[in-house]
Amino acid sequence: MTNTVVGDENNPLVLNVYTKELSPRKLLPVMVWIHGGAFIFGDSSEMLYGPDYLLADENDIVFVSMNYRLGALGFLSIDDPSVGVPGNAGLKDQALALKWVRQNIHHFGGNNKNVTVFGESAGGTSVHWHMLSNFSKGLFDKAIVQSGSALLSWANGPRSNQPERLAKKLGWDGVGGDQKLVEFLRSIDFSELIRAQNILTESEKQEWIYSAWVPSVEPYTAEQSFFTENPLATYKSAWGNKIPLIIGGTVDEGLLLYREVMADTEFYIGANAFKNVIPKTWNLPTDRVEEFAQQLKQFYLGNDDVTKDIGKFFDILSDVTFLHGIHLAIVGRLSDEFSAPTYFYRFAFAGNPKYNMIRQVLVPNDVKGICHGEDIASLFKAAMIKEPVINSADHKTIDRMTRMFTKFAATGNPNCDLIRPIVWSPLEKQSIPPFKCLNIDEDVSYISYPEAKRMDFWDSLFKATL
(Lines give C-alpha, C1' and ligand atoms only; values in the text may rest on other atoms or scores of the structure.)
Protein backbone atom coordinates (compact mmCIF):
# COMPACT_ATOMS: atom_id res chain seq x y z
CA MET A 1 0.00 0.00 0.00
CA THR A 2 2.99 2.30 0.55
CA ASN A 3 4.88 1.36 -2.65
CA THR A 4 7.89 0.39 -0.56
CA VAL A 5 9.87 -2.83 -0.28
CA VAL A 6 9.82 -4.69 3.01
CA GLY A 7 12.37 -7.38 3.77
CA ASP A 8 15.52 -8.52 1.99
CA GLU A 9 15.76 -6.64 -1.31
CA ASN A 10 18.14 -9.26 -2.72
CA ASN A 11 16.06 -12.29 -1.76
CA PRO A 12 12.38 -11.37 -1.55
CA LEU A 13 11.01 -14.75 -2.65
CA VAL A 14 10.89 -16.56 0.66
CA LEU A 15 8.89 -19.42 2.13
CA ASN A 16 7.84 -19.69 5.76
CA VAL A 17 7.36 -23.20 7.15
CA TYR A 18 5.70 -23.79 10.52
CA THR A 19 5.55 -27.25 12.05
CA LYS A 20 4.91 -28.54 15.52
CA GLU A 21 7.13 -31.56 15.04
CA LEU A 22 9.85 -32.29 12.48
CA SER A 23 9.48 -36.06 12.77
CA PRO A 24 5.86 -36.93 13.59
CA ARG A 25 4.83 -40.57 13.72
CA LYS A 26 2.71 -39.90 10.63
CA LEU A 27 3.36 -37.20 8.04
CA LEU A 28 0.87 -34.34 8.45
CA PRO A 29 -1.42 -32.61 5.94
CA VAL A 30 0.09 -29.46 4.47
CA MET A 31 -1.69 -26.11 4.08
CA VAL A 32 -0.03 -23.54 1.79
CA TRP A 33 -1.24 -19.93 2.13
CA ILE A 34 -1.17 -17.30 -0.65
CA HIS A 35 -1.67 -13.78 0.70
CA GLY A 36 -3.90 -11.13 -0.84
CA GLY A 37 -3.34 -7.46 -1.58
CA ALA A 38 -4.78 -6.76 -5.06
CA PHE A 39 -1.54 -8.13 -6.59
CA ILE A 40 0.25 -4.89 -5.68
CA PHE A 41 0.94 -5.06 -1.92
CA GLY A 42 1.12 -7.43 1.02
CA ASP A 43 3.39 -10.18 2.27
CA SER A 44 3.29 -13.45 4.18
CA SER A 45 4.52 -12.11 7.51
CA GLU A 46 3.02 -12.67 10.95
CA MET A 47 2.01 -9.01 11.01
CA LEU A 48 -1.30 -10.23 9.57
CA TYR A 49 -0.92 -13.98 9.04
CA GLY A 50 0.32 -15.52 12.27
CA PRO A 51 -0.57 -19.25 12.12
CA ASP A 52 -1.23 -19.61 15.87
CA TYR A 53 -4.90 -20.57 15.44
CA LEU A 54 -4.31 -22.99 12.57
CA LEU A 55 -1.60 -24.75 14.60
CA ALA A 56 -3.67 -25.09 17.77
CA ASP A 57 -3.32 -28.41 19.59
CA GLU A 58 -6.40 -29.88 17.89
CA ASN A 59 -5.17 -29.06 14.38
CA ASP A 60 -2.39 -31.31 13.13
CA ILE A 61 -1.00 -29.68 10.00
CA VAL A 62 2.19 -28.19 8.58
CA PHE A 63 1.65 -24.59 7.53
CA VAL A 64 3.50 -22.85 4.68
CA SER A 65 3.21 -19.27 3.47
CA MET A 66 5.06 -17.51 0.66
CA ASN A 67 6.04 -14.20 -0.85
CA TYR A 68 5.74 -13.59 -4.59
CA ARG A 69 6.52 -10.72 -6.92
CA LEU A 70 3.86 -8.01 -6.94
CA GLY A 71 2.92 -5.02 -9.05
CA ALA A 72 4.94 -4.36 -12.19
CA LEU A 73 7.66 -6.78 -11.07
CA GLY A 74 5.11 -9.58 -10.88
CA PHE A 75 2.64 -8.82 -13.65
CA LEU A 76 4.20 -6.68 -16.37
CA SER A 77 3.46 -8.29 -19.75
CA ILE A 78 4.97 -7.39 -23.14
CA ASP A 79 3.70 -8.61 -26.51
CA ASP A 80 7.04 -9.18 -28.27
CA PRO A 81 8.18 -12.80 -27.66
CA SER A 82 11.82 -11.88 -28.29
CA VAL A 83 12.08 -9.93 -25.01
CA GLY A 84 10.83 -12.85 -22.92
CA VAL A 85 8.38 -11.02 -20.65
CA PRO A 86 4.98 -12.67 -21.27
CA GLY A 87 3.61 -11.81 -17.81
CA ASN A 88 2.28 -13.56 -14.72
CA ALA A 89 5.71 -13.81 -13.06
CA GLY A 90 4.00 -13.54 -9.67
CA LEU A 91 1.83 -16.58 -10.37
CA LYS A 92 4.88 -18.48 -11.60
CA ASP A 93 6.64 -17.61 -8.32
CA GLN A 94 3.72 -19.18 -6.49
CA ALA A 95 3.91 -22.30 -8.66
CA LEU A 96 7.63 -22.58 -7.92
CA ALA A 97 6.85 -22.43 -4.20
CA LEU A 98 4.27 -25.21 -4.64
CA LYS A 99 6.86 -27.33 -6.47
CA TRP A 100 9.26 -26.79 -3.57
CA VAL A 101 6.59 -27.98 -1.14
CA ARG A 102 5.99 -31.14 -3.17
CA GLN A 103 9.71 -31.88 -3.19
CA ASN A 104 10.77 -30.87 0.31
CA ILE A 105 7.95 -30.59 2.84
CA HIS A 106 8.48 -34.14 4.13
CA HIS A 107 11.66 -32.83 5.78
CA PHE A 108 9.40 -30.73 8.02
CA GLY A 109 6.92 -33.45 8.89
CA GLY A 110 4.52 -32.67 6.05
CA ASN A 111 2.86 -35.12 3.68
CA ASN A 112 3.81 -34.02 0.17
CA LYS A 113 0.95 -36.10 -1.20
CA ASN A 114 -1.66 -34.20 0.80
CA VAL A 115 -1.24 -30.49 0.02
CA THR A 116 -4.03 -27.91 0.25
CA VAL A 117 -3.46 -24.46 -1.20
CA PHE A 118 -5.61 -21.63 0.12
CA GLY A 119 -5.79 -17.87 -0.13
CA GLU A 120 -8.01 -14.81 0.23
CA SER A 121 -8.80 -11.96 -2.20
CA ALA A 122 -5.88 -11.79 -4.67
CA GLY A 123 -4.60 -14.90 -2.89
CA GLY A 124 -7.88 -16.74 -3.44
CA THR A 125 -7.94 -15.50 -7.02
CA SER A 126 -4.41 -16.86 -7.44
CA VAL A 127 -5.55 -20.25 -6.15
CA HIS A 128 -8.30 -20.30 -8.77
CA TRP A 129 -5.85 -19.28 -11.52
CA HIS A 130 -3.67 -22.26 -10.55
CA MET A 131 -6.70 -24.52 -10.74
CA LEU A 132 -7.29 -23.36 -14.31
CA SER A 133 -3.69 -23.41 -15.52
CA ASN A 134 -1.92 -26.56 -16.71
CA PHE A 135 1.30 -24.86 -15.58
CA SER A 136 0.26 -25.75 -12.03
CA LYS A 137 -1.45 -29.04 -12.75
CA GLY A 138 -0.82 -31.61 -10.06
CA LEU A 139 1.02 -29.27 -7.67
CA PHE A 140 -1.68 -29.56 -4.98
CA ASP A 141 -4.49 -31.87 -3.96
CA LYS A 142 -7.22 -29.62 -2.54
CA ALA A 143 -8.04 -25.93 -2.62
CA ILE A 144 -9.77 -23.24 -0.58
CA VAL A 145 -10.76 -20.04 -2.41
CA GLN A 146 -11.77 -17.15 -0.15
CA SER A 147 -13.27 -14.07 -1.79
CA GLY A 148 -11.62 -14.64 -5.14
CA SER A 149 -12.02 -16.01 -8.65
CA ALA A 150 -10.03 -15.86 -11.88
CA LEU A 151 -13.34 -14.93 -13.56
CA LEU A 152 -13.51 -11.53 -11.86
CA SER A 153 -12.95 -8.58 -14.17
CA TRP A 154 -10.23 -7.08 -11.95
CA ALA A 155 -8.40 -10.42 -11.83
CA ASN A 156 -7.80 -10.63 -15.59
CA GLY A 157 -6.67 -7.19 -16.57
CA PRO A 158 -7.21 -5.54 -19.95
CA ARG A 159 -4.07 -4.65 -21.89
CA SER A 160 -3.76 -0.86 -22.07
CA ASN A 161 -0.08 -0.18 -22.80
CA GLN A 162 0.88 -0.47 -19.14
CA PRO A 163 4.60 -1.18 -19.78
CA GLU A 164 4.94 1.81 -22.10
CA ARG A 165 3.06 4.08 -19.68
CA LEU A 166 5.31 3.03 -16.81
CA ALA A 167 8.50 3.47 -18.83
CA LYS A 168 7.51 6.93 -20.05
CA LYS A 169 6.62 7.94 -16.49
CA LEU A 170 10.18 6.99 -15.55
CA GLY A 171 11.70 8.94 -18.43
CA TRP A 172 11.85 6.63 -21.45
CA ASP A 173 11.75 8.51 -24.76
CA GLY A 174 9.45 5.98 -26.43
CA VAL A 175 11.97 5.12 -29.17
CA GLY A 176 13.04 1.59 -30.11
CA GLY A 177 9.94 -0.52 -29.47
CA ASP A 178 9.57 -3.32 -26.94
CA GLN A 179 13.28 -4.22 -26.99
CA LYS A 180 14.40 -0.76 -25.92
CA LEU A 181 11.50 -0.47 -23.49
CA VAL A 182 12.63 -3.59 -21.64
CA GLU A 183 16.25 -2.47 -21.67
CA PHE A 184 15.19 0.84 -20.16
CA LEU A 185 13.09 -0.73 -17.41
CA ARG A 186 15.91 -3.13 -16.53
CA SER A 187 18.21 -0.14 -16.08
CA ILE A 188 15.91 1.35 -13.42
CA ASP A 189 16.51 0.56 -9.76
CA PHE A 190 13.65 -1.71 -8.76
CA SER A 191 12.71 0.38 -5.72
CA GLU A 192 12.28 3.38 -8.03
CA LEU A 193 10.19 1.25 -10.37
CA ILE A 194 7.94 0.22 -7.51
CA ARG A 195 7.42 3.82 -6.42
CA ALA A 196 6.40 4.72 -9.99
CA GLN A 197 4.13 1.76 -10.71
CA ASN A 198 0.84 3.50 -9.87
CA ILE A 199 0.02 4.63 -13.41
CA LEU A 200 -3.77 4.58 -13.23
CA THR A 201 -5.58 7.66 -14.49
CA GLU A 202 -8.45 9.25 -12.59
CA SER A 203 -10.91 7.99 -15.18
CA GLU A 204 -9.60 4.43 -14.77
CA LYS A 205 -10.06 4.70 -11.01
CA GLN A 206 -13.64 5.90 -11.52
CA GLU A 207 -14.16 2.81 -13.70
CA TRP A 208 -13.14 0.57 -10.77
CA ILE A 209 -9.83 -0.54 -12.24
CA TYR A 210 -7.95 -1.33 -9.04
CA SER A 211 -4.47 -1.96 -10.36
CA ALA A 212 -2.56 -1.76 -13.62
CA TRP A 213 -0.68 -4.93 -12.62
CA VAL A 214 -2.76 -8.10 -12.37
CA PRO A 215 -2.79 -11.57 -13.96
CA SER A 216 -3.48 -11.58 -17.68
CA VAL A 217 -3.83 -13.88 -20.64
CA GLU A 218 -0.30 -14.05 -22.00
CA PRO A 219 0.16 -12.68 -25.53
CA TYR A 220 1.93 -15.74 -26.95
CA THR A 221 2.57 -19.40 -26.20
CA ALA A 222 5.97 -20.42 -24.89
CA GLU A 223 7.52 -23.19 -22.79
CA GLN A 224 6.85 -21.27 -19.56
CA SER A 225 3.39 -19.95 -20.45
CA PHE A 226 1.04 -19.81 -17.50
CA PHE A 227 -2.17 -18.98 -19.36
CA THR A 228 -2.75 -18.12 -23.03
CA GLU A 229 -6.54 -18.53 -23.29
CA ASN A 230 -9.45 -16.57 -21.86
CA PRO A 231 -10.33 -18.38 -18.60
CA LEU A 232 -13.99 -18.20 -19.60
CA ALA A 233 -13.14 -20.62 -22.39
CA THR A 234 -11.57 -23.22 -20.10
CA TYR A 235 -12.98 -22.96 -16.58
CA LYS A 236 -15.67 -25.60 -17.11
CA SER A 237 -13.15 -28.30 -17.96
CA ALA A 238 -10.05 -27.25 -16.01
CA TRP A 239 -7.88 -29.78 -14.19
CA GLY A 240 -8.67 -28.10 -10.87
CA ASN A 241 -12.30 -29.17 -11.13
CA LYS A 242 -11.10 -32.66 -10.24
CA ILE A 243 -9.86 -31.74 -6.74
CA PRO A 244 -12.03 -30.95 -3.67
CA LEU A 245 -12.79 -27.26 -3.14
CA ILE A 246 -14.10 -24.93 -0.44
CA ILE A 247 -15.18 -21.59 -1.89
CA GLY A 248 -17.07 -18.56 -0.60
CA GLY A 249 -16.93 -14.99 0.57
CA THR A 250 -18.15 -12.47 3.10
CA VAL A 251 -21.64 -11.00 3.09
CA ASP A 252 -20.63 -7.41 2.35
CA GLU A 253 -17.47 -7.70 0.25
CA GLY A 254 -18.02 -4.25 -1.25
CA LEU A 255 -17.31 -2.51 2.05
CA LEU A 256 -13.68 -2.97 1.11
CA LEU A 257 -14.20 0.23 -0.89
CA TYR A 258 -16.15 2.11 1.79
CA ARG A 259 -13.63 4.83 2.58
CA GLU A 260 -12.85 5.41 -1.10
CA VAL A 261 -16.52 5.72 -2.07
CA MET A 262 -17.49 7.94 0.83
CA ALA A 263 -14.58 10.27 0.11
CA ASP A 264 -15.78 10.95 -3.46
CA THR A 265 -19.50 11.12 -4.20
CA GLU A 266 -18.72 10.93 -7.93
CA PHE A 267 -18.37 7.17 -7.48
CA TYR A 268 -22.08 6.73 -6.73
CA ILE A 269 -23.95 9.87 -7.88
CA GLY A 270 -21.80 10.85 -10.86
CA ALA A 271 -23.30 10.79 -14.34
CA ASN A 272 -21.43 7.56 -15.15
CA ALA A 273 -21.66 5.92 -11.73
CA PHE A 274 -23.70 2.90 -12.80
CA LYS A 275 -22.07 2.59 -16.21
CA ASN A 276 -18.68 2.47 -14.55
CA VAL A 277 -19.46 -0.73 -12.62
CA ILE A 278 -20.22 -2.72 -15.78
CA PRO A 279 -17.07 -4.85 -16.26
CA LYS A 280 -14.76 -3.45 -18.92
CA THR A 281 -13.64 -6.97 -19.78
CA TRP A 282 -17.10 -7.54 -21.27
CA ASN A 283 -16.07 -5.20 -24.12
CA LEU A 284 -19.57 -3.85 -24.68
CA PRO A 285 -20.49 -1.03 -27.06
CA THR A 286 -21.59 2.21 -25.41
CA ASP A 287 -25.31 1.65 -26.01
CA ARG A 288 -25.20 -1.79 -24.31
CA VAL A 289 -23.32 -0.36 -21.34
CA GLU A 290 -26.01 2.30 -20.94
CA GLU A 291 -28.73 -0.34 -21.24
CA PHE A 292 -27.10 -2.57 -18.64
CA ALA A 293 -26.56 0.40 -16.32
CA GLN A 294 -30.26 1.23 -16.41
CA GLN A 295 -31.17 -2.39 -15.65
CA LEU A 296 -28.65 -2.39 -12.82
CA LYS A 297 -30.05 0.75 -11.25
CA GLN A 298 -33.64 -0.50 -11.56
CA PHE A 299 -32.84 -3.90 -10.05
CA TYR A 300 -31.01 -2.61 -6.97
CA LEU A 301 -32.77 0.70 -6.37
CA GLY A 302 -36.09 0.66 -8.19
CA ASN A 303 -37.18 4.27 -8.39
CA ASP A 304 -35.26 5.33 -5.28
CA ASP A 305 -32.29 7.63 -5.23
CA VAL A 306 -28.99 5.98 -4.31
CA THR A 307 -28.39 8.54 -1.57
CA LYS A 308 -31.41 7.17 0.31
CA ASP A 309 -29.71 3.81 0.77
CA ILE A 310 -26.01 3.88 -0.02
CA GLY A 311 -25.87 0.27 1.17
CA LYS A 312 -27.45 -0.78 -2.12
CA PHE A 313 -24.49 0.67 -4.00
CA PHE A 314 -22.16 -1.38 -1.83
CA ASP A 315 -24.28 -4.45 -2.67
CA ILE A 316 -23.54 -3.73 -6.34
CA LEU A 317 -19.83 -3.48 -5.59
CA SER A 318 -19.96 -6.72 -3.58
CA ASP A 319 -21.55 -8.55 -6.46
CA VAL A 320 -19.52 -7.25 -9.39
CA THR A 321 -16.19 -7.17 -7.55
CA PHE A 322 -16.35 -10.59 -5.84
CA LEU A 323 -19.59 -12.54 -5.45
CA HIS A 324 -20.61 -13.06 -9.06
CA GLY A 325 -17.14 -14.25 -10.04
CA ILE A 326 -17.30 -16.77 -7.19
CA HIS A 327 -20.77 -17.79 -8.39
CA LEU A 328 -19.51 -18.31 -11.97
CA ALA A 329 -16.65 -20.45 -10.71
CA ILE A 330 -19.13 -22.67 -8.87
CA VAL A 331 -21.52 -22.91 -11.81
CA GLY A 332 -18.74 -23.87 -14.19
CA ARG A 333 -17.31 -26.41 -11.82
CA LEU A 334 -20.64 -28.12 -11.21
CA SER A 335 -21.22 -28.41 -14.97
CA ASP A 336 -18.16 -30.68 -15.15
CA GLU A 337 -19.39 -34.24 -14.67
CA PHE A 338 -15.97 -35.21 -13.33
CA SER A 339 -15.77 -32.48 -10.71
CA ALA A 340 -14.81 -33.28 -7.12
CA PRO A 341 -16.87 -32.11 -4.10
CA THR A 342 -17.54 -28.38 -3.87
CA TYR A 343 -18.30 -26.84 -0.46
CA PHE A 344 -19.84 -23.35 -0.56
CA TYR A 345 -19.77 -20.99 2.44
CA ARG A 346 -20.99 -17.50 3.36
CA PHE A 347 -19.12 -15.67 6.13
CA ALA A 348 -21.68 -13.61 8.08
CA PHE A 349 -20.06 -13.28 11.51
CA ALA A 350 -19.84 -9.73 12.88
CA GLY A 351 -17.05 -10.09 15.37
CA ASN A 352 -15.60 -7.58 17.79
CA PRO A 353 -13.53 -5.10 15.69
CA LYS A 354 -10.79 -4.99 18.32
CA TYR A 355 -9.86 -8.54 17.30
CA ASN A 356 -9.89 -7.79 13.56
CA MET A 357 -7.10 -5.67 12.07
CA ILE A 358 -8.62 -5.60 8.56
CA ARG A 359 -11.95 -4.35 9.89
CA GLN A 360 -10.17 -1.61 11.80
CA VAL A 361 -8.34 -0.45 8.69
CA LEU A 362 -11.11 -0.65 6.11
CA VAL A 363 -14.40 0.25 7.78
CA PRO A 364 -15.46 2.57 10.65
CA ASN A 365 -16.88 0.71 13.65
CA ASP A 366 -20.33 2.25 13.25
CA VAL A 367 -20.79 0.83 9.73
CA LYS A 368 -22.74 -2.41 9.74
CA GLY A 369 -21.83 -5.35 7.55
CA ILE A 370 -19.19 -8.04 7.09
CA CYS A 371 -16.38 -6.49 5.06
CA HIS A 372 -14.09 -8.16 2.58
CA GLY A 373 -11.27 -9.81 4.50
CA GLU A 374 -12.99 -10.03 7.88
CA ASP A 375 -12.79 -13.82 7.75
CA ILE A 376 -8.98 -13.65 7.89
CA ALA A 377 -9.14 -12.85 11.62
CA SER A 378 -10.89 -16.18 12.17
CA LEU A 379 -7.95 -18.07 10.67
CA PHE A 380 -4.88 -16.03 11.55
CA LYS A 381 -3.61 -14.08 14.53
CA ALA A 382 -2.31 -10.65 13.57
CA ALA A 383 0.82 -9.67 15.48
CA MET A 384 -0.66 -6.57 17.11
CA ILE A 385 -4.04 -8.11 17.95
CA LYS A 386 -4.80 -9.92 21.19
CA GLU A 387 -6.39 -13.33 21.09
CA PRO A 388 -10.13 -13.22 21.86
CA VAL A 389 -11.36 -14.37 25.25
CA ILE A 390 -12.00 -18.10 25.43
CA ASN A 391 -15.69 -19.01 24.91
CA SER A 392 -16.42 -15.61 23.35
CA ALA A 393 -18.21 -15.60 19.99
CA ASP A 394 -14.97 -14.54 18.27
CA HIS A 395 -13.01 -17.40 19.84
CA LYS A 396 -15.70 -19.95 18.97
CA THR A 397 -15.68 -18.75 15.35
CA ILE A 398 -11.90 -19.09 15.21
CA ASP A 399 -12.17 -22.64 16.55
CA ARG A 400 -14.88 -23.54 14.00
CA MET A 401 -13.12 -22.02 11.00
CA THR A 402 -9.73 -23.52 11.75
CA ARG A 403 -11.19 -26.91 12.59
CA MET A 404 -13.25 -27.03 9.37
CA PHE A 405 -10.36 -25.92 7.20
CA THR A 406 -7.78 -28.24 8.74
CA LYS A 407 -10.23 -31.15 8.65
CA PHE A 408 -10.76 -30.44 4.95
CA ALA A 409 -7.00 -30.32 4.41
CA ALA A 410 -6.66 -33.71 6.07
CA THR A 411 -9.60 -35.54 4.52
CA GLY A 412 -11.27 -33.44 1.80
CA ASN A 413 -14.37 -33.10 3.99
CA PRO A 414 -14.77 -30.05 6.29
CA ASN A 415 -17.47 -31.49 8.54
CA CYS A 416 -16.34 -31.69 12.14
CA ASP A 417 -17.53 -31.90 15.73
CA LEU A 418 -17.69 -28.10 16.17
CA ILE A 419 -20.54 -27.66 13.65
CA ARG A 420 -22.62 -30.70 14.54
CA PRO A 421 -25.51 -31.39 14.19
CA ILE A 422 -25.25 -29.21 11.07
CA VAL A 423 -23.99 -31.11 8.04
CA TRP A 424 -22.13 -29.09 5.42
CA SER A 425 -23.04 -30.94 2.24
CA PRO A 426 -21.18 -30.51 -1.03
CA LEU A 427 -23.15 -29.02 -3.91
CA GLU A 428 -24.59 -31.56 -6.30
CA LYS A 429 -22.94 -31.92 -9.68
CA GLN A 430 -25.03 -30.66 -12.61
CA SER A 431 -27.19 -28.69 -10.16
CA ILE A 432 -28.30 -25.15 -10.92
CA PRO A 433 -28.78 -22.08 -8.69
CA PRO A 434 -29.97 -21.25 -6.12
CA PHE A 435 -27.29 -23.12 -4.21
CA LYS A 436 -27.12 -23.97 -0.54
CA CYS A 437 -24.25 -22.75 1.60
CA LEU A 438 -22.87 -23.02 5.10
CA ASN A 439 -23.76 -19.71 6.75
CA ILE A 440 -21.03 -18.91 9.28
CA ASP A 441 -22.38 -16.56 11.95
CA GLU A 442 -22.31 -16.81 15.76
CA ASP A 443 -23.83 -20.19 15.00
CA VAL A 444 -23.62 -22.08 11.72
CA SER A 445 -26.54 -23.11 9.54
CA TYR A 446 -26.99 -24.72 6.14
CA ILE A 447 -29.24 -22.42 4.11
CA SER A 448 -30.24 -21.34 0.63
CA TYR A 449 -27.85 -18.62 -0.47
CA PRO A 450 -29.53 -15.30 0.44
CA GLU A 451 -27.87 -13.41 -2.43
CA ALA A 452 -29.14 -15.87 -5.06
CA LYS A 453 -31.52 -13.40 -6.77
CA ARG A 454 -28.67 -10.94 -7.16
CA MET A 455 -26.56 -13.66 -8.77
CA ASP A 456 -29.45 -14.45 -11.13
CA PHE A 457 -29.53 -10.81 -12.19
CA TRP A 458 -25.80 -10.74 -12.93
CA ASP A 459 -26.15 -14.04 -14.78
CA SER A 460 -28.74 -12.43 -17.03
CA LEU A 461 -26.34 -9.60 -17.89
CA PHE A 462 -23.37 -11.91 -18.32
CA LYS A 463 -25.23 -14.32 -20.62
CA ALA A 464 -26.33 -11.39 -22.78
CA THR A 465 -22.66 -10.68 -23.52
CA LEU A 466 -21.87 -14.16 -24.84
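Preceding block: the structure.
Note that the structure is predicted; figures quoted are calculated from it, not measured. (Residues numbered from 1 in each chain as written. Predicted model: local features only at pLDDT ≥ 70, side-chain atom pairs only at ≥ 80, totals over all residues. Heavy atoms only, no water.)

Chemist: Looking at this structure, I do not really get the sheet that holds strand S2 (residues 28-34). What am I missing?
Modeler: Either a parallel or an antiparallel arrangement is found when strands of a sheet pair, and the pairing is made through backbone hydrogen bonds. Read from one edge to the other, the open sheet built from nine strands follows the order S1-S3-S2-S4-S5-S6-S7-S8-S9, with strand pairing classed as mixed. The sheet is open, and its two edges are formed by strand S1 (15-18) and strand S9 (444-448), each paired on a single side. For this sheet, the mean inter-axis angle between neighbouring strands, taken without regard to orientation, is 20°. With four bridges joining them, S2 and strand S3 (residues 62-66) adopt parallel strand pairing. Bridged to Met31 within S3 is Phe63. Across the sheet, helix H13 (residues 310-334) is in contact with strand S6 (245-250) and strand S7 (342-347); its angle to S6 comes to roughly 160°. (Pairing = 2+ DSSP bridges. Helix = DSSP H or I, 4+ residues; strand = E, 2+ residues; numbered from the N terminus. Axes fitted to C-alpha atoms, helices over the stretch in contact; angles between N-to-C directions. Contact = heavy atoms within 4.5 Å.)

Chemist: Hey, could you run me through the pairing of strand S4 (residues 110-120) in this one?
Modeler: The side chains of a regular strand alternate between both faces of the sheet. For S4, the buried fraction is high: eight of the 11 residues fall into the buried class. Pairing geometry for S2 and S4, over six bridges, is parallel. Residue Ile34 lies in a different strand from S4, and its bridge partner there is Gly119. Bridge count for S4 against strand S5 (residues 142-146) is five bridges, and the pairing is parallel. Paired with Glu120 across the bridge in S5 is Gln146. Handedness of the crossover is the feature at issue here: the chain leaves S4, passes through helix H4 (residues 122-132), returns alongside S5, and the resulting connection is right-handed. (Buried < 20%, exposed > 50% of the residue type's maximum accessible area, 1.4 Å probe, protein only. Right-handed = clockwise from strand over helix to strand, strands pointing away.)

Chemist: Could you clarify how one ought to interpret a negative patch on the surface in this entry?
Modeler: Among the surface-exposed residues, Glu46, Asp52, Asp57, Glu58, Glu387 and Asp399 lie close enough to one another that they form a single negatively charged patch. Looking at the secondary structure, you find Glu46 in helix H1 (residues 46-49). (Patch = residues over 30% accessible without salt bridge, like charges linked within 9 Å, V, L, I, M, F, W, Y side chains within 5 Å. Areas by Shrake-Rupley, 256 points an atom, 1.4 Å probe, with all protein chains shown as cover. Salt bridge = Lys/Arg side-chain N within 4 Å of Asp/Glu carboxyl O. Lys, Arg positive; Asp, Glu negative; His and termini not counted. Charge placed at Lys NZ, Arg CZ, Asp CG, Glu CD.)

Chemist: Would you mind showing me how to read the side chain of Gln146 here?
Modeler: Mapped onto the elements of the fold, Gln146 is located in strand S5. Since its relative accessible area comes to 0%, Gln146 is described here as buried. Within the structure, Gln146 has its side chain in polar contact with the side chain of Asp375 (distance 3.1 Å). For Gln146, the contacting residues outside a window of four places in its chain are Trp33, Phe118, Gly119, Glu120, Ser121, Gly124, Gly248, Tyr345, Asp375, Leu379 and Phe405. (Polar contact = N/O pair within 3.5 Å; in protein donor to acceptor, adjacent residues only side chain to side chain.)

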